[in-house]
Amino acid sequence: MALAKITSVSGRAVTVPGNDIDTDRIIPARFMKCVTFDGLGEFLFYDVRKNADGTDRVHPLNDARFKAATILISGANFGCGSSREHAPQAIQKYGFKAVIAENFAEIFFGNSVTLGIPCACAKREDIAKISAAVEKDPSTEVVIDVAKQEIRFAGQTVPATFRETARDALVNGRWDAIGELLDGIPAVKETAKKLPYLAA
Amino acid sequence: MPKSLFEKVWSAHTARTLANGQTQLIIGTHLIHEVTSPQAFGMLRDLGLKVLMPHRTFATVDHIIPTNELVEPYKDPLAQAMMDEVRKNCAEFGITFFDRATGKQGIVHIVGPEQGITQPGTTIACGDSHTSTHGAFGAIAFGIGTSQVRDVLATQTMALGALKVRRIEVNGKLRPGVYAKDVILHIIRMLGVNGGTGYAYEYAGSTFDGFSMEERMTVCNMSIEGGARAGYVNPDETTFAYLKGRPYSPKGAAWDSEVARWKSFASDPGCHYDDVVKIDAADIAPTVTWGINPGQGISITENVPSPETATSADDKAGIIEALAYMKLPAGAPIKGTKINVAFLGSCTNGRLSDFQEVAKYIKGRKVAPGIKAIAVPGSQIVALQCEKLGLDKILTEAGFEWRAAGCSMCLAMNPDKLIGDQLCASSSNRNFKGRQGSTTGRTLLMSPVMVAAAAVTGSVADAREVFAFTN
């Protein structure tokens, strides 16, 4: 199972401001009544993006200037709450390739990495600079350099951090662990012998 | 060297170290439900994989199941499709399924403990963030995403980095009218909704020693609301007494050897903690949330904050956003806020003791006119226990609807939902925008007895006054 080595992600960006943006906001629970992840993209941020009648509300994702964005920028504790993988799935299926935030809730972070979505942590003042540059010129190319742990935009460079295990997994193309976990089954069976409750 | 329970369980379940430095951790018990598992089974089929340990995988239905509709097909075809899918997947892969017909169906975090599947010194995973509930038994329990559900199905492991451990010690006796729910709301208010990122919480101290298993579960359940991926209480005699005789508990000679093994997992005196927090039980009051995350809580006697009293720019922005959504006046008392709906239930507070405590005080009282009040047992077994004791009668005579087991109004994936900007006094765990099914619906989290007090008065009330608690 060869996976892409995700050393950097680049593209236009859009800022969805705010702290503690929870996974219920990213994808409301009623859209999880599904047996596949297909089509989740259109429900991303649905309740803050749409009126009850389905018409658009004022929201960065509805702003024509940012329609081509592939990098999502937000605040602190992004993705808190439910463990639903539907949240990063919706983000990815909407067309985003990476997220920049001050920091991320843990389960969301792990779920995103498994889908090959780099989650870059940046300092608040640096996020403000990126957002300002994008706001000024929506065509600004933002480069998240996973390998070098930096974000480049409009001639500026700011540091970005990734959890080291996540950075390693992304740049070495082992962000989806299933292959490695399957390889480890002999070790699993060995260790399981010492855990009586696992006996069949 | 003395070790914490977390370290011991982690090390006992480590199969090997992966190339990126994460651990391939054995997940001894895998709990699945209808919402986050169908895609995982789809992935298994795509990859041509089998379930490695079907005998360690247990399924139920809770999120989508209607609580006032018992006969299939359900009116909602999407709900029925999810029901059919979990049934089909369990049959195909040889997984035990606690379907309604078994009489053992319920919210996954209630079913595991009551069946004796949840045991000390084990690792547990489930595609649901409230899996931390199982930590009440001295297990390390993780909420996971669907790709990890696939990983656990196929390999009985997942890739994970070790967590730090924060010991949260609560000592002393809780004041009358203060419950386990108030303890965890107090902790989250104090440490913040992301204070636990990177940590497992070890709950300890004399307050927890004196807690029943159900009270411990209420606290561990909401660890994730404080950002902690796992939370646990060290196993003790209370734990073993709860587990004795349950369907999946060890029997005969195995019982004694397992209890001895379970005891060995408890944190050693003098072990290292990455952080320690101490709380005096007497400082905890009946707590109510006023905002849009579980950390935005206040004592029932306090006023809703105003932007002027904010401690930082972030705090100020948070207060402004929350007050606008909640339509609450800044600086006003929370007590007296009119409610529309009262909800008793959920994996946080949908157990026998929750309904017993409410019944004790609501007996002979009536839900205020115009208030929709529903009581939803967390499992079919809880429902039966309540019905045997006549608690359902007490609740229905008071004006509550008595429903069938499920997640119900905690998360709006079934017909139980708020309408418009209804305000709900809720014993559940999340007050996020739109959480209870209406994009403008408003949730106030509180203990079950506080929900009962709000139901009978029609507004947020101090249960200690409404039910004449004596200090």
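Residues numbered from 1 in each chain as written. Chains lettered and ligands numbered in written order. Predicted model: local features only at pLDDT ≥ 70, side-chain atom pairs only at ≥ 80, totals over all residues.

## Concerning the overall build of chain B
Across its full length, chain B carries 17 helices and 19 strands. On the principal axes, the C-alpha backbone points of chain B span a range of 55 × 55 × 45 Å. Residues classed as buried in chain B amount to 60% of the 471 residues present. Considering only contacts within chain B whose residues lie at least 6 apart along the sequence, 76% involve residues at least 24 apart. (Helix = DSSP H or I, 4+ residues; strand = E, 2+ residues; numbered from the N terminus. Buried ≥ 20, exposed ≤ 12 C-beta atoms within 10 Å, placed from the backbone. Contact = placed C-beta atoms within 7 Å.)

## A few points about the interface of chain A and chain B
Contacts between the two partners involve 49 residues from chain A, matched on the other side by 63 residues from chain B. Elements with a minimum of two residues in the side of chain A that touches chain B: α1 (23-26), α4 (106-114), α6 (164-171), α7 (178-183) and α8 (185-192) of chain A. In terms of residue class, the side of chain A that touches chain B is built from 22 nonpolar, 12 polar and 15 charged. (Nonpolar A, V, L, I, M, F, W, Y, C, P; charged D, E, K, R; others polar.)

## Re the domain arrangement of chain B
Residue and element names in this part refer to chain B. On domain assignment, one finds that chain B holds domain 1 (5-264) and domain 2 (300-466). Here the C-alpha centre of domain 2 lies 24 Å away from the C-alpha centre of domain 1. Across the boundary between the two partners, domain 1 contributes 33 residues, which contact 31 residues of domain 2. Elements with a minimum of two residues in the side of domain 1 that touches domain 2: α4 (108-115), α6 (180-191) and α8 (213-221). Looking at the side of domain 1 that touches domain 2 element by element, the count peaks at four residues for α4. (Domains from an automatic or database assignment.)

## Let's talk about helix α14 (residues 380-388) of chain B
Residues and elements named next belong to chain B. Of all the residues in α14, the buried ones are Q380, I381, V382, A383 and C386. Lining the buried residues of α14 we find α4, α13 (352-362) and α15 (391-398). Trailing α14 by a residue or two, G390 shows a phi angle of about 75°, which is positive.

## Quick notes on the sheet that holds strand β8 (residues 157-160) of chain B
Residues and elements named next belong to chain B. The strand order across the open sheet formed by three strands is β1-β2-β8, and the pairing between neighbours is antiparallel. In this open sheet, the two edge strands, each paired with only one partner strand, are β1 (14-17) and β8. Neighbouring strand axes in the sheet, compared pairwise and without regard to direction, differ in orientation by 25° on average. Here three bridges tie β1 to strand β2 (residues 23-26), and the two strands are oriented antiparallel to one another. What sits directly across from T14, in β2, is L25. (Pairing = 2+ DSSP bridges. Axes fitted to C-alpha atoms, helices over the stretch in contact; angles between N-to-C directions.)

## Some points on the nonpolar core
Counting residues in each nonpolar core, the largest one holds 213 residues, and the members touching the most others are I71 and I100 of chain A together with A342 of chain B. Among the elements that take part in this core, helix α16 (residues 448-457) of chain B stands out by supplying eight residues, more than any other. Both of domain 1 (5-264) and domain 2 (300-466) of chain B provide at least three residues apiece to this core. In contact with I100 of chain A, not counting residues within four places along its chain, are I71, I73, A120, A122, I127, I130, I144 and I151 of chain A. (Core = buried A, V, L, I, M, F, W, Y, C linked by C-beta atoms within 7 Å.)

## Description of the environment of G81 of chain A
Mapping G81 of chain A onto the fold places it in the loop between β3 (71-73) and α3 (86-94). Residue G81 of chain A is classed as buried on the basis of its 27 C-beta neighbours within 10 Å. For G81 of chain A and G39 of chain A, which are 42 residues apart along the polypeptide, the C-alpha to C-alpha distance reads 22 Å. Apart from residues no more than four positions distant in its own chain, G81 of chain A is found in contact with D22, T23 and D24 of chain A together with S129, R430 and F432 of chain B.

## Description of the packing of α6 of chain B against α8 of chain B
Residues and elements named next belong to chain B. As a packed pair, α6 and α8 sit with axes 8 Å apart at the nearest point and diverge in direction by 25°. Regarding the angle of α6 to α8, the classification is roughly parallel. Of the two elements, α6 crosses α8, and the hand of that crossing is right-handed. Where α6 abuts α8, its residues A180, K181, V183 and I184 lie against E215, T218 and V219. (Parallel < 35°, antiparallel > 145°, perpendicular 65-115°, else oblique. Left-handed = near helix turned anticlockwise from the far one by under 90°.)

## A look at the pairing of strand β7 (residues 150-153) of chain A
Residue and element names in this part refer to chain A. The side-chain alternation of β7 yields one buried face, formed by I151 and F153, and one unburied face, formed by E150 and R152. Pairing geometry for strand β6 (residues 142-145) and β7, over four bridges, is antiparallel. Pairing of I144 across the sheet is with I151, part of β7. Here β6 hands over to β7 after four residues, with Q149 in that stretch at a positive phi of 55°. With four bridges joining them, β7 and strand β8 (residues 156-159) adopt antiparallel strand pairing. Residue pairing for β8: F153 is matched across the bridge by Q156.

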